[in-house]
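Descriptive analysis of the structure
The lines below spell out each chain.
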Amino acid sequence: AQEAARAVKAAGPNGKLQLGWVGIGSPSSRSLRGIYPRCKSPINKDRVAHVAVCDVDARHLKLAAEALKRDGSDVQQYADFRKLTDDKNVDAVVVA
């Protein structure tokens with residue numbers, strides 16, 4: 001997985017893996033409490049950019065986007081995962 005991330009990083013114009021999140025859920029979900037902190041760790045913060053979030057629940061979508069924005073990520077919001085996967089700014093998707 002690390003080699004794949006390095007390959008994408010090398011290919012990306014900004015040098016970062018551009019992540020989209022699908023089904024991010026509520027702010028207390030495992031996604032925001034478990035996976036996301038690892039992505040923003042000192043080792044990864046310069047290698048990963050959070051660019052999109054998707055959730056069918058508008059409340060969860062808004063809260064997740066706000067949480068990511070507080071950490072400096074300018075994220076696009078989607079209610080339909082197909083639109084997120086069509087986004088050319090997204091290199092990889094975390095399905096939570």
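Preceding this section is the structure that the text describes.
First, a word on scope: everything that follows refers to the structure included in this document. (Residues numbered from 1 in each chain as written. Predicted model: local features only at pLDDT ≥ 70, side-chain atom pairs only at ≥ 80, totals over all residues. Heavy atoms only, no water.)

**Quick word on the nonpolar core**
Of all hydrophobic cores here, the largest spans twelve residues; its members are Leu 17, Leu 19, Trp 21, Ile 24, Val 48, Val 53, Leu 61, Ala 64, Ala 65, Leu 68, Val 75 and Val 94. Those elements giving two or more residues to this core turn out to be β1 (17-22), β2 (48-54) and α3 (58-70). With four residues, α3 is the largest single contributor of residues to this core. If you look at the next biggest cluster of nonpolar residues, it comprises eight residues, including Ala 49, Val 51, Tyr 78 and Leu 84. (Core = buried A, V, L, I, M, F, W, Y, C linked by side-chain atoms within 4.5 Å. Buried < 20%, exposed > 50% of the residue type's maximum accessible area, 1.4 Å probe, protein only. Helix = DSSP H or I, 4+ residues; strand = E, 2+ residues; numbered from the N terminus.)

**Quick notes on the pattern of salt bridges**
Inspection of the entire model under this criterion finds three salt bridges. Residue Asp 57 is joined to Arg 59 by a salt bridge in which the shortest nitrogen-to-oxygen separation is 2.8 Å. Arg 59 sits in the exposed class, given a relative accessible area of 58%. Of the charged contacts, one joins Arg 82 and Asp 80 as a salt bridge, the two residues approaching to 3.0 Å between their closest N and O atoms. (Salt bridge = Lys/Arg side-chain N within 4 Å of Asp/Glu carboxyl O.)

Purely geometric stuff here, so don't read any function into it on its own.
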